[in-house]
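# Working through the structure, step by step
Residue strings, one per chain:
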Amino acid sequence: MARRSAAAAAEEDEDEESVERIFEGRVVPGWKEQVTVRALAVSAVLGAMFSVIVMKLNLTTGIIPSLNVSAGLLGFFLLSSWTKLIDKAGFASVRPFTRQENTVVQTCVVACSGIAFSGGFGSYMFGMSEKISEQSGETREEMNIKNPGLGWMIGFLFIVSFLGLFSVVPLRKIMIIDYKLIYPSGTATAHLINSFHTPQGAKLAKRQVKTLGKFFVISFSWGFFQWFYTASDGCGFKAFPTLGLEAYRQRFFFDFSATYVGVGMICPYLVNISVLLGGVISWGIMWPLIEQKKGDWYAADLKPSSLRGIVGYRVFISIALILGDGLYNFLKVMTKTVTALVAQVRGMMSQPTLPVSGGGGTALPAEESFDDKRRTELFLKDQIPNALAMGAYVVIAIISIATVPRIFPQLRWYHVAVSYIIAPVLAFCNAYGCGLTDWSLATTYGKLAIFTVGAWAGASDGGIIAGLAACGVMIGIVSTASDLTQDFKTGYMTLASPRSMFVSQVIGTAMGCVIAPSVFWLFYNAFHDIGMPGSEYPSPNALVYRNMAILGVQGLGSLPLHCLDLCIAFFVAAIAINLARDLAGPKVAAYIPLPMAMAIPFYLGPYFGIDMCIGSLVRCAWDRLDPARAKAFAPPVASGLICGDGIWTLPQSVLALAGVKPPICMKFLSRSTNARVDAFLRRHPS
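Criteria and cut-off values
Residues numbered from 1 in each chain as written. Predicted model: local features only at pLDDT ≥ 70, side-chain atom pairs only at ≥ 80, totals over all residues. Heavy atoms only, no water. Helix = DSSP H or I, 4+ residues; strand = E, 2+ residues; numbered from the N terminus. Rg over C-alpha atoms; globule rule 2.2 N^0.38 Å. Buried < 20%, exposed > 50% of the residue type's maximum accessible area, 1.4 Å probe, protein only. Contact = heavy atoms within 4.5 Å. Areas by Shrake-Rupley, 256 points an atom, 1.4 Å probe, with all protein chains shown as cover. Lys, Arg positive; Asp, Glu negative; His and termini not counted. Charge placed at Lys NZ, Arg CZ, Asp CG, Glu CD. 1 Å grid on protein atoms, 1.4 Å probe; cavity = no way out; pocket = protein on both sides within 12 Å on 5 of 7 lines; lining within 4 Å. Points joined across faces, edges and corners; volume = space filled by probe spheres on them. Nonpolar A, V, L, I, M, F, W, Y, C, P; charged D, E, K, R; others polar. Axes fitted to C-alpha atoms, helices over the stretch in contact; angles between N-to-C directions. Left-handed = near helix turned anticlockwise from the far one by under 90°. Disulfide = S-S within 2.5 Å. Phe/Tyr/Trp six-rings, centres within 6.5 Å; stacked < 30°, edge-to-face > 60°. Lys NZ or Arg CZ within 6 Å of the ring centre and 35° of its normal.

### Re the overall build of the protein chain
- Summing up its helical and strand segments, the protein chain has 29 helices and 0 strands in all.
- Over its C-alpha trace the protein chain gives a radius of gyration of 27 Å, about what one expects of a compact globule, namely 26 Å for 686 residues.
- When the backbone C-alpha atoms are referred to their principal axes, the protein chain occupies close to 100 × 55 × 50 Å.
- The buried share of the protein chain, reckoned over its 686 residues, is 52%.
- When contacts within the protein chain are restricted to residue pairs at least 6 apart in sequence, those whose partners lie at least 24 apart make up 82%.
- A total accessible area of about 30300 Å² is found for the protein chain, and carbon and sulfur atoms account for 65% of it.
- Measuring between centres, the 55 positive side-chain charges of the protein chain sit 4 Å from its 44 negative side-chain charges.

This is the structure we're talking about:
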């Protein structure tokens, strides 16, 4: 009797916690009914919108927060509104909006906007250009320059962006069902989508969308208002010396950016503090001290942008921190991946069933929950033929080996072939590691390709372009592989078919291969100072990636005096800080800064870190005053700020292309400079 009561109680608890019992009465549509025309139409609109936002973030600092919540919210809102409008218009047999369709939209949008990042428009691809080459101070050689062109960029992305998808398809069951990898971002997205489609969740989602829309309008209007005061360089609120003119010269100021206040509200507190700390160490202490060595450590008559001068210290020490952090995390994730993989394989080979605790020698199958049974059943229902995936990989690889060297003659066919032989192993490692840690190492694999292929090609045969192009090939494969496995996890938890996940990922990637280069091309033509230090879109990672390629090809001889010593010190410091974080435990590690985040302001300056910390302060105060409301509404508020300011760049670009200039220049001068200006104007009153 007691056993029956306990069993009944356990079943009741499972019913309360079970997500799938809530949806048990609803029919799960077939995979073709999940990939609908309306879902793809909404995906195209949102994909274009988020591509603009990601491109702006890419070209300003390179810090890109997760926009999954925004994509999920807006996808739910647009499709549910579409369904209601069609129903009210009197159309018969309107198909209900399902969570599976919502998952398709989410997958498609993230795949599309992801190309704006993995396409390298703010890193390796833009790093090939003449504009970035001039900043690096190298001797001009045509073989090491390839300027952006809409046609070749779209073609290159179509060639390299799909291989990663086919490389992990045969492993989907192993990753999701057998190894039960967590994929934290995919799991969180699934919980979000599932919650939207419950009665309580739908009400909250509507309020969240309303909040997002309100702050979108505020942010967009603020960007429009600021535009009126930016008639020339150094004008407007972005040039407001909020902490004084001397602090402004060292890039310590609040630039009134709604985008980075929003980013600060989303990013963890530690990231924001690490960015500001990096700015204080570099621009507050190191660069002023090194500038005092002008004429001693480096020549006094160098161009301000020369890598032989102060800019060289900023760029190469930043690279040292990035590489130290990347190497440590690469080894850490690889060690975890290999250890966990070996343990999984050994367990499956030696003990196919799990023993019951406290039992005798009899082994019984592990008890699966109702949710797991339901999800596994549907996940295994629609199979993607492995022969199709492997055959497609081989065909696309052959096409790519033949065509990529035509786009980049410096990259030989055998460089590409070796990359594609190694890539599936790296794609699996990245997808598996991402399932364990939620950490994608795609850019780290790309940097390894820069050094190895660049050195292999050699300086005399265009090794700089070869290394950067190989970086694009590797990132294109590895990043899409981990993205797809995340999507498989999301689909598994929302009962979306693996086929619909794969098809929507392919469609989203295809959209991104056209939309992302088009958005970059708009920026590139509208803002003629793009990529220049101190401009609105400095694209810092482009110079960093190009200089990595130079290092890989030419070695360390081009560094300024004592720069190598400082680089070694910061490289070791990055490893030591990461090691200290892992050894100290979670409580202490929460107060130890992140080297990767510290590295970003070393070149750019700390101004955006101040914006982010203001966002953090807002979030912290909100968390203290009303934790429940902050948890529900802080992400929509932050997303509204980011999206509004990001979308403003579209009309701003159109105005710039049309030759429409702002009417007012708002500048700030010191008292003595202002007196000289007033005296000059009195002498020349016209």
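Next comes the rest of the account.
### Structural notes on the layout of surface pockets
- Taken as a whole, the second largest pocket spans an internal volume of roughly 1700 Å³.
- Lining the second largest pocket are 50 residues, and of these Asp233, Asp529, Gly534, Ser535 and Glu536 lie nearest its centre.
- Elements with a minimum of two residues in the lining of the second largest pocket: helix H3 (37-60), helix H12 (199-227), helix H13 (245-249), helix H16 (310-350), helix H26 (595-604) and helix H28 (627-657).
- When residues of the lining of the second largest pocket are assigned to their parent elements, the largest contribution, 6 residues, is made by H28.
- Here the residues of the lining of the second largest pocket are counted per class, giving 24 nonpolar, 15 polar and 11 charged.

### Re unusual backbone geometry
- One non-glycine residue, Leu495, adopts positive backbone phi at about 65°.
- By secondary structure assignment, the location of Leu495 is in the loop between helix H21 (463-494) and helix H22 (498-526).
- Assessed through its relative accessible area of 4%, Leu495 is described here as buried.
- One non-glycine residue, His562, adopts positive backbone phi at about 65°.
- Position of His562 relative to the elements: it lies in the loop between helix H23 (540-554) and helix H24 (563-584).
- Taking relative accessible area as the criterion, His562 reaches 34% and is therefore assigned partly exposed.

### Notes on the packing of helix H5 (residues 99-118) against H22
- Between H5 and H22, whose axes approach to 7 Å, the crossing angle comes to 35°. Between H5 and H22 lies a crossing of right-handed hand. Facing Thr103, Val104, Thr107, Cys108, Ala111, Cys112, Ile115 and Ala116 of H5, the residues of H22 in contact are Ser500, Met501, Ser504, Gln505, Ile507, Gly508, Thr509, Met511, Gly512, Cys513, Ile515 and Ala516.
- Residue composition of the contact of H5 with H22, grouped by class: 12 nonpolar, 8 polar and no charged.

### Here's the deal with the state of the cysteines
- Using the criterion set out here, one finds 1 disulfide in the structure.
- A sulfur-sulfur separation of 1.9 Å characterises the disulfide bridge that pairs Cys235 with Cys665. Across the S-S bond linking Cys235 and Cys665, the dihedral sits near -70°, which makes this disulfide left-handed. With Cys235 in the loop between H12 and H13 and Cys665 in the loop between H28 and helix H29 (671-683), the pair connects residues that are 430 residues apart, well separated along the chain.
- Here Cys429 stays unpaired: no disulfide links it, and the sulfur of Cys434, its closest cysteine neighbor, is 13 Å away.
- The closest cysteine sulfur to the non-disulfide-bonded Cys643 is located on Cys112, 14 Å from its own sulfur.
- For Cys643, a relative accessible area of 0% puts it in the buried group.

### Side note on the packing of aromatic side chains
- All told, the structure shown has 43 aromatic pairs when counted by the stated rule.
- Aromatic side chains Phe240 and Phe256 sit 5.6 Å apart centroid to centroid with 55° between the ring planes, which places their arrangement in the tilted category. In this pair, Phe240 is assigned in the loop between H12 and H13 and Phe256 in the loop between H13 and helix H14 (258-266), connecting sequence segments 16 residues apart.
- Overall, the relative accessible area of 28% leaves Phe240 in the partly exposed class.
- Among the aromatic residues, those joined into a cluster by ring pairs are Trp222, Phe225, Tyr229, Phe237, Phe240, Phe254, Phe256 and Phe668.
- Here Arg21 stacks its cationic end above the ring of Phe370, 4.0 Å away from the centre of that ring.
- One Lys or Arg, Arg629, reaches over the ring of Phe633 and ends 4.7 Å from the middle of that ring.

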